[in-house]
Amino acid sequence: TKMQWVYTEKVKDHFVNPRNVLDDEDSFGADGTGMVGSMACGDQMLVAIKVRDGKIAECRWKTYGCASAIASTSMMSEMVTGMSLEEAYHITPKQITEALGGLPEHKFHCSVLGDKGLRAAIDDYLEKNGLENPFTKSVA
Ligand code: FES
Ligand code: FES
């Protein structure tokens, strides 16, 4: 029997044409950055944000993670652009995978890297600006 791709067209599109990739960390001029890793596979994710008027003006990212991590974070970066910091802080892997039309069950841990990295970037932004973090962490 012929083997089939387990990925949706949306996943393939975001993997092949990832949106908002961080090309040059130094010239981006991030207001906050977060680097996180996945315990399940050891892959790393860097998320960098620009904040304007309490909203995510830009969300860029870079990973040496797998196809699912790339597609999830690409999708996430589009979803959170323009969101308030609070809304962005609470985006869930479930929302992201749903927007992708689903991910294979055992690839779910790849989809948590982006939002973990984003929360770390928002934490970093708040800390750099001497602000208390008013948001409760969502349970991923
Ligand atoms: Fe290599 Fe996931 S750890 S593809
Ligand atoms: Fe490592 Fe997907 S297997 S991020």
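Everything quoted here is computed from the prediction, not taken from an experiment.

About the criteria used
- Along each chain, numbering runs from 1 in the same order as the chain's sequence is written.
- Chains and ligands are labelled sequentially in the order written, the chains with letters from A and the ligands with numbers from 1.
- Where local features are concerned, this predicted model is filtered to residues with pLDDT of at least 70; where side-chain atom pairs are given and counted, the filter is 80 or more; whole-chain, interface and lining totals use all residues.
- Note on conventions: DSSP H or I runs of at least 4 residues are helices, E runs of at least 2 residues are strands, and numbering of each starts at the N terminus.
- Our radius of gyration looks at C-alpha atoms and nothing else; its globule reference is 2.2 Å times the residue count to the power 0.38.
- Partly exposed residues are those whose C-beta has more than 12 but fewer than 20 other C-beta atoms within 10 Å; 20 or more makes a residue buried and 12 or fewer makes it exposed, with C-beta atoms placed from the backbone.
- Placing C-beta atoms from the backbone, we regard two residues as in contact once those atoms come within 7 Å.
- Pairing between two strands is assigned when DSSP locates at least 2 bridges connecting them.
- An axis is simply a line fitted to the C-alpha atoms; with a helix, the fit covers only the stretch in contact. Between two such axes, the angle follows the N-to-C directions and lies from 0 to 180 degrees.
- Each angle receives one of four descriptions, namely roughly parallel if under 35 degrees, roughly antiparallel if over 145, roughly perpendicular if within 65 to 115, and oblique otherwise.
- When residue character is reported, Ala, Val, Leu, Ile, Met, Phe, Trp, Tyr, Cys and Pro are called nonpolar, Asp, Glu, Lys and Arg charged, and the others, Gly included, polar.
- One less than the residue count of a helix, multiplied by 1.5 Å, gives the span that helix is expected to have.

## Comments concerning the overall build of the protein
The helix and strand tally for the protein stands at six helices and three strands. Beginning at the N terminus, the succession of helices and strands in the protein can be written as α-α-β-β-β-α-α-α-α. Whereas a compact globule of 140 residues would reach a radius of gyration of roughly 14 Å, the protein reaches 15 Å, a difference of no more than 12%. For the protein, buried positions account for 38% of its 140 residues. Within the protein, contacts between residues at least 6 apart in sequence are counted, and of these 65% link residues at least 24 apart.

## Looking at the sheet that holds strand β1 (residues 32–37)
With antiparallel pairing, three strands are arranged side by side in an open sheet as β1-β2-β3. Strands at the two margins of the open sheet, each flanked by one partner only, are β1 and β3 (55–63). Between one strand axis and the next, the sheet turns through 20° on average, direction left out of account. Across six bridges, β1 lies against strand β2 (residues 44–52) in antiparallel orientation. Opposite M35, over in β2, you have L46 as the bridge partner.

## Remarks on the packing of helix α1 (residues 9–16) against helix α3 (residues 67–80)
When two helices pack together, their arrangement is given by the angle between their axes and by how far apart the axes lie. Two numbers describe how α1 lies on α3: the axes approach to 8 Å, and their chain directions differ by 90°. Taken together, the axis directions place α1 and α3 in an arrangement best described as roughly perpendicular. Here V11, H14 and F15 of α1 come into contact with α3, specifically with A67, I70, A71, S74 and M75. Residue classes in the contact of α1 with α3 are distributed as six nonpolar, two polar and no charged.

## Observations concerning unusual backbone geometry
Backbone geometry places N20, a non-glycine residue, at a positive phi of 60°. Mapped onto the secondary structure, N20 falls in the loop between α1 and α2 (25–28). The exposure class assigned to N20 is partly exposed, which follows from the 17 C-beta atoms found within 10 Å. Even without glycine at this site, D53 takes up a positive phi of about 50°.

## Notes on helix α6 (residues 108–128)
In this model α6 runs 31 Å from its N-terminal to its C-terminal C-alpha over 21 residues, within 8% of the 30 Å that 1.5 Å per residue would give. Here α6 has its buried residues at C110, S111, V112, L113, G114, D115, G117, L118, R119, A121, I122 and Y125. Each element contacted by the buried residues of α6 is listed here: β1, β2, β3, α3, α4 (85–89) and α5 (93–99). In the segment just after α6, G130 is the residue with positive phi, at about 65°.

Everything listed is a geometric property; what it means functionally is a separate question.
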